[in-house]
Amino acid sequence: MVRFGKNGECQERRELLQSLKEMSLEPNGKHHHINNDNEAFQHVQEELDGKDAINETDLIFLKGLMDSPVLHNLAKLQDRLEEKPPVLSPPETLNSLDIQKDIYIRCSRSWNRDARELADIVNKPQFRALLDSHDQIADLTKNPKPNRKSDPPKLFPNGMTNDAIRMVGVRKKNGEPLGLTVQVDDKDNLVIARIMEGGMIEKQGLLHVGDVILEVNGNSVKTPEDLQVEVAKSRDSVTLKVGNSQVNEITHSSIVANVVNGVTKKLTVSCFQTHKPLYKSSTIQCYMRALFEYSPEEDSLLPCKEIGLAFDRGDILQIVDQRDPNWWQAKKVGGDNRTGLIPSMELEERRKAYVPPENDFVHKISICGARISRKKKKIIYQSKSNCDFDKAELLLYEEVTKMPPFKRKTLVLIGTQGVGRRTLKNRLINSDPEKFAGVIPYTTRPQRVLEENGQTYWFTDREQMEEDIKNNRFLEYGEYNGHLYGTHLDSIREIIKQGKMCILDCSPMSLKILHNSSEFLPYVIFIAAPGMEQLKSLYDISKSNQNLRYSSRNLTEEDLKRTLEDSASMQRTYDKYIDQVITNNDFDVTFRQIVEALDALTTEHQWVPVNWIY
């Protein structure tokens, strides 16, 4: 340890003692009595007088402290306060915070740059805290209450501890939601209910489901509306005071259940995940083809319209989170990669199946007010009623997977009579017999003269055909003039074994069998009816090709209108099975579109049902 020599030591001691003496002088240079509260300075003087050797570092530090004007001023202030208590001037106002809010609102809306700068200054948390302290002191000065006793303020609301409170800074972009939803729980806490996958909050990883938002930029928030207002004020970043709350596990399922059942609850949600999630389940990612249209703006159950994801029928959706039983997080494949909320299959089924009690005409009301349920009619499924059951079937999403290019085994052309399906089918087969082929139907009609078995029809007896129908060996069948006609599944399999694509112009009721089987892998094209004039020309072409069964009679305008209506109805009913829709305005154009679509199957990736693969 380095120490001063005697000469240097004495010199430093004398300078330090001189600094202490100067602190006891009045401004006019006269000495005044050092009171008992300045005994610390006297103690330092005595210690310095009695020490022979002083540590160099301590001496330098002590000398710098004694020479500091701040310490001199503090000592003078202490003496002045002890001599005479200060007299406070009466407060000008007790509502400084109200004035601050008024100034902020007026200046923030001004076009003047200085006014907006003033608005930013008065809205800083430090400035508002200073005004709040002023109002409290002013209130005590004007209304003194010497015996005031009150419980200490709760620093940590609702049973939280100090280790559960933290400050979080979140970056934000103007016009872009933060990517989370909040709700008010039973303890009036503003709890984060969901964090959107791929959003700004999820990328930063600073907030979690279950966190309680206490303050935003120093302002207390209690409701989702308060949170929206404070976040809207912020430009580039938001400072949140959050805490972990010991709350029960809750999800939006309770919200939706209450809304569907007509129960109103004190629960509000807004669009703005904790180490203990509200719902526990593994995140499963998959792809779904939407079989209905969805608009978030028209959904009254959606927690927040801004984070809803709109989609159209046929869009491919990547489901990134299914943990919430009512709201899935999804992205639209080929879209802007934004994650949004869509209704789950369970929620959409409940919503479409829900009937309010006032609209329930299935039950009768007895005299005493009790509901009497009528006995339901038992319906036995019959294959001839298959179309009716298909119309009532509720399909909302279909799980799909993306496959490399491959050749489909069957091509199905569907549409109403008169749109040219058979003409297109025959033209395709004749264009490349090595690539395309059509099936030969079975019939119980007696074989005519010059007819050969296997050319126009396969002739069989009625008993055998009915047995095969009973064993589900026919794709479709029907009866005409007392004879059965049908398409045997073995005929389709035989064409596929030859390496050709089987072209079918079957009834749309057969699509369910083809679609749900991984054996036939169909590509379905719906031939839509064109306008009235084009439809008439199609009938003329069909007459010349003798492909129209009732070409002998003249078609009326009512027949053409009925064809258009049937075409639109068929497309709506079987849209879930259709891969492509082509309006047949011209046979040459439609033929080229079909060929181009089939060629694309061998060069482009395809979305197919997962039951085709697994």
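Please refer to the structure higher up on the page.
Give me the overall build of the protein chain: which residues, what numbers.
Secondary structure summary: the protein chain contains 19 helices and 24 strands in total. About 37400 Å² of surface is accessible on the protein chain, with carbon and sulfur atoms providing 50% of the total.

So what's going on with the pairing of strand E14 (residues 397-403)? Residues and values would help.
One ladder, built from 4 bridges, connects strand E8 (residues 286-290) with E14; its direction is antiparallel. Counterpart to methionine 288 in the pairing with E14 is glutamate 399. Of the pairings in the sheet, the one linking E14 to strand E24 (residues 606-609) comprises 4 bridges and is antiparallel in character. Following the sheet pairing, methionine 403 is matched in E24 by glutamine 606.

Just give me the short version of helix H7 (residues 125-142), but keep the residues and values in it.
In a regular helix each residue adds 1.5 Å, so 18 residues correspond to 26 Å; H7 covers 26 Å between its end C-alpha atoms and thus fits that length. For H7, the set of buried residues is Arg128, Leu131, Asp135 and Ala138. Projected down its long axis, H7 shows its buried positions confined to an angular sector of 85°, all on one face. Projecting away from the buried face of H7 at angles above 90 degrees are the exposed residues Gln126, Leu130 and Ile137.

Go over the layout of surface pockets, please, and point to the residues and values.
Rolled over the atoms, a probe with the dimensions of a water molecule shows which regions are left empty. Counted as a void, the second largest pocket has a volume near 500 Å³. Around the second largest pocket, the lining comprises 19 residues; the ones closest to its centre are Asp120, Asn123, Lys233, Ser234 and Arg235. Put simply, the parts of the chain that give the lining of the second largest pocket at least two residues each are helix H5 (96-108), helix H6 (113-122), H7, helix H9 (224-233) and strand E6 (237-244). Looking at the lining of the second largest pocket, its residues break down into 4 nonpolar, 7 polar and 8 charged.

Just give me the short version of a nonpolar patch on the surface, but keep the residues and values in it.
A surface patch of nonpolar side chains, about 380 Å² in accessible area, is lined by Ile99, Ile103, Leu118, Ile121 and Phe127. Those elements that place two or more of their residues in the nonpolar patch are H5 and H6. Topologically, leucine 118 is positioned in helix H6. We classify leucine 118 as partly exposed; its relative accessible area is 38%.

For the packing of aromatic side chains, give the residues involved together with the corresponding values.
Per the stated rule, a full pass over the model turns up 10 aromatic pairs. Between tyrosine 442 and phenylalanine 474, the aromatic rings sit 5.9 Å apart at their centres with planes inclined by 90°, giving edge-to-face as the arrangement. Placement of the pair is tyrosine 442 in strand E17 (residues 442-443) and phenylalanine 474 in strand E19 (residues 474-480), with a sequence separation of 32 residues. Between the NZ or CZ atom of arginine 427 and the centre of the ring of phenylalanine 591, over which it lies, the distance is 4.6 Å.

Account for the sheet that holds E8, naming residues and giving values.
The sheet built from 6 strands is open, its strands ordered E11-E10-E9-E8-E14-E24 with antiparallel pairing. Every interior strand has two partners, whereas the edge strands, strand E11 (340-343) and E24, have only one. This sheet shows a mean twist of 50° between the axes of neighbouring strands, independent of strand direction. Contacts from helix H11 (residues 345-353) reach strand E10 (327-332), E11 and E14 within the one sheet, and its direction differs from that of E11 by about 45°.

Conventions we followed
- Residues numbered from 1 in each chain as written.
- Predicted model: local features only at pLDDT ≥ 70, side-chain atom pairs only at ≥ 80, totals over all residues.
- Heavy atoms only, no water.
- Helix = DSSP H or I, 4+ residues; strand = E, 2+ residues; numbered from the N terminus.
- Areas by Shrake-Rupley, 256 points an atom, 1.4 Å probe, with all protein chains shown as cover.
- Pairing = 2+ DSSP bridges.
- Expected span 1.5 Å × (residues − 1).
- Buried < 20%, exposed > 50% of the residue type's maximum accessible area, 1.4 Å probe, protein only.
- Arc of directions from axis to C-beta.
- 1 Å grid on protein atoms, 1.4 Å probe; cavity = no way out; pocket = protein on both sides within 12 Å on 5 of 7 lines; lining within 4 Å.
- Points joined across faces, edges and corners; volume = space filled by probe spheres on them.
- Nonpolar A, V, L, I, M, F, W, Y, C, P; charged D, E, K, R; others polar.
- Patch = residues over 30% accessible without salt bridge, like charges linked within 9 Å, V, L, I, M, F, W, Y side chains within 5 Å.
- Salt bridge = Lys/Arg side-chain N within 4 Å of Asp/Glu carboxyl O.
- Phe/Tyr/Trp six-rings, centres within 6.5 Å; stacked < 30°, edge-to-face > 60°.
- Lys NZ or Arg CZ within 6 Å of the ring centre and 35° of its normal.
- Axes fitted to C-alpha atoms, helices over the stretch in contact; angles between N-to-C directions.
- Contact = heavy atoms within 4.5 Å.

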